[in-house]
Amino acid sequence: MSGPADKPFAISKRLVWEAFERVKANKGAAGVDECSIEDFERELRGNLYKIWNRMSSGTYFPPPVKAVEIPKPGGTRILSRPVCTAQPPPRHGTGSTRG
């Protein structure tokens, strides 16, 4: 199995795991791929490994997001809902799950 030293981008597997935990705690909903958190968890280890491997090797390209209108006073607002595999780990110190 490859490790961080074998990759051009230094992204720890722990960071990918923490990003998943944040999405799950937020009760992340399915995106355009219709993959729910529960679906993603069925192959959790393999799915997280794929994300880490692609991100750390520079071959990860996030898929399109699903646009969802949410009601707001005076109209609606578009909320983007990424697919399960499009949640990058947060950058250190930003407190955000979006990189």
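It should be emphasised that the depicted structure is a prediction, and the values quoted were computed from it without experimental measurement.

*Asks:* Is there a simple way to explain the nonpolar core in this structure?
*Replies:* As a rule of thumb, nonpolar side chains are buried together in soluble globular proteins. Counting 13 residues, the largest nonpolar core has V16, F20, F40 and L48 as the members making the most contacts within it. For this core, the elements supplying multiple residues, two or more each, are α1 (13-25), α2 (37-42) and α3 (44-57). In terms of residue count, the dominant contributor to this core is α3 (5 residues). Setting aside chain neighbours within four positions, we find L48 in contact with V16, W17, F20 and F40.

*Asks:* Looking at this structure, how should I read the pattern of salt bridges?
*Replies:* Pairing between side chains becomes possible if they bear opposite charge and their charged atoms approach one another. One pass over the structure, following the stated rule, counts 4 salt bridges. As a salt-bridge pair, E18 and R14 come within 3.7 Å of each other at their nearest N and O atoms. Taken together, the residues span about one helical turn, with E18 and R14 both in helix α1 at a distance of 4 residues. A relative accessible area of 53% places R14 in the exposed class. A salt bridge links E34 to K66, with the shortest nitrogen-to-oxygen separation between them at 3.2 Å.

*Asks:* Any chance you could explain the pairing of strand β1 (residues 66-72) here in plain terms?
*Replies:* Look at any regular strand and the pattern is simple: side chains alternate between the two faces of the sheet. Of the strand pairs in this sheet, β1 and strand β2 (residues 75-81) are connected by 7 bridges, and their pairing is antiparallel. Following the sheet pairing, P71 is matched in β2 by T76. Hairpin connection from β1 to β2: 2 residues lie between these consecutive antiparallel strands, with G74 at a positive phi of about 85 degrees.

Cut-offs applied
Residues numbered from 1 in each chain as written. Predicted model: local features only at pLDDT ≥ 70, side-chain atom pairs only at ≥ 80, totals over all residues. Heavy atoms only, no water. Core = buried A, V, L, I, M, F, W, Y, C linked by side-chain atoms within 4.5 Å. Buried < 20%, exposed > 50% of the residue type's maximum accessible area, 1.4 Å probe, protein only. Helix = DSSP H or I, 4+ residues; strand = E, 2+ residues; numbered from the N terminus. Contact = heavy atoms within 4.5 Å. Salt bridge = Lys/Arg side-chain N within 4 Å of Asp/Glu carboxyl O. Pairing = 2+ DSSP bridges.

Nothing here speaks to function; it is geometry throughout.
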